[in-house]
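# Coordinate analysis (summary)
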Amino acid sequence: MTARKAERWANPAVIQWSQLLLDSFRHWLGRDLIERKGSQEEQARALYHASFVVVSHGMETDPILNYGNKIALDLWELDWERYSKTPSRLTAEPVNQAERARMLARARENGFIDDYKGVRISGTGKRFSVEQAIVWNVVDERGKQQGQAATFSRWTFL
């Protein structure tokens with residue numbers, strides 16, 4: 001196995017999910033999250049190494065994080081294995097979870113929101129404020145919701 005193939009973004013399931021993230025972002029916002037050039041694998045690599053945070057979770061009753069690009073994993077201070085087993089609600093402290101749930105419901109109803117701000121917590125307990133986040137529904141080619149995702153490039157440690 002080459003070092004390149006060992007990277008998370010190169011996993012076929014992650015490449016496929018990356019396409020859903022990118023296609024869904026374009027569907028809801030009418031623009032691309034990243035430049036869509038090259039193969040699906042090259043796009044997955046570009047998304048993983050983007051200079052802004054991209055995160056997502058699935059549709060479980062208690063949604064589990066299923067994607068975090070490199071900057072997100074660094075910000076949350078988690079490796080892929082631990083991150084991908086974390087319930088999404090735990091990215092916010094208990095006091096902020098109701099507000100987070102309201103924001104996700106608003107995005108679910110509207111397809112996306114582009115004005116989110118809130119406080120999050122890393123895997124080691126560091127608190128940070130997120131500003132100007134975009135949250136969108138991840139949908140498949142039939143329009144069926146598969147999860148939700150968020151992106152942001154502004155945060156401040158508290």
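Our structure is the block above this text.
Rules of the game
- Residues numbered from 1 in each chain as written.
- Predicted model: local features only at pLDDT ≥ 70, side-chain atom pairs only at ≥ 80, totals over all residues.
- Heavy atoms only, no water.
- Buried < 20%, exposed > 50% of the residue type's maximum accessible area, 1.4 Å probe, protein only.
- Helix = DSSP H or I, 4+ residues; strand = E, 2+ residues; numbered from the N terminus.
- Arc of directions from axis to C-beta.
- Axes fitted to C-alpha atoms, helices over the stretch in contact; angles between N-to-C directions.
- Parallel < 35°, antiparallel > 145°, perpendicular 65-115°, else oblique.
- Contact = heavy atoms within 4.5 Å.
- Nonpolar A, V, L, I, M, F, W, Y, C, P; charged D, E, K, R; others polar.
- Pairing = 2+ DSSP bridges.
- Expected span 1.5 Å × (residues − 1).
- Polar contact = N/O pair within 3.5 Å; in protein donor to acceptor, adjacent residues only side chain to side chain.

### A short note on helix 3 (residues 40-48)
For helix 3, the complete set of buried residues consists of Glu-41, Gln-43, Ala-44, Leu-47 and Tyr-48. Taken end-on, helix 3 shows its buried residues confined to a sector of 160°, consistent with a single buried face.

### What about the packing of helix 2 (residues 12-29) against helix 3?
Axis separation between helix 2 and helix 3 bottoms out at 9 Å; the angle between their running directions is 75°. Relative to helix 3, the element helix 2 is oriented roughly perpendicular. Between helix 2, through Ile-15, Ser-18, Gln-19, Leu-21 and Leu-22, and helix 3, the contact on the second element is made entirely by Gln-40, Glu-41, Gln-43, Ala-44 and Leu-47. The class makeup of the residues in the contact of helix 2 with helix 3 is 5 nonpolar, 4 polar and 1 charged.

### Some words on the pairing of strand 3 (residues 112-121)
Pairing between strand 3 and strand 4 (residues 127-139): 7 bridges, direction antiparallel. Across the sheet, residue Ile-113 finds its bridge partner in strand 4, namely Val-135. Linking strand 3 to strand 4, which pair antiparallel, is a turn of 5 residues; within it Gly-125 sits at a positive phi near 95°.

### Section: helix 2
Between the first and last C-alpha of helix 2 there are 26 Å, a value that for 18 residues agrees with the 26 Å anticipated at 1.5 Å per step. Where helix 2 is concerned, the buried positions are Val-14, Ile-15, Trp-17, Ser-18, Gln-19, Leu-20, Leu-21, Leu-22, Ser-24, Phe-25 and Leu-29. Of the residues flanking the start of helix 2, the one acting as N-cap is Asn-11, its side-chain oxygen 2.7 Å from the backbone nitrogen of Ala-13. The positive-phi residue at the C-terminal boundary of helix 2 is Gly-30, with phi of around 75°.

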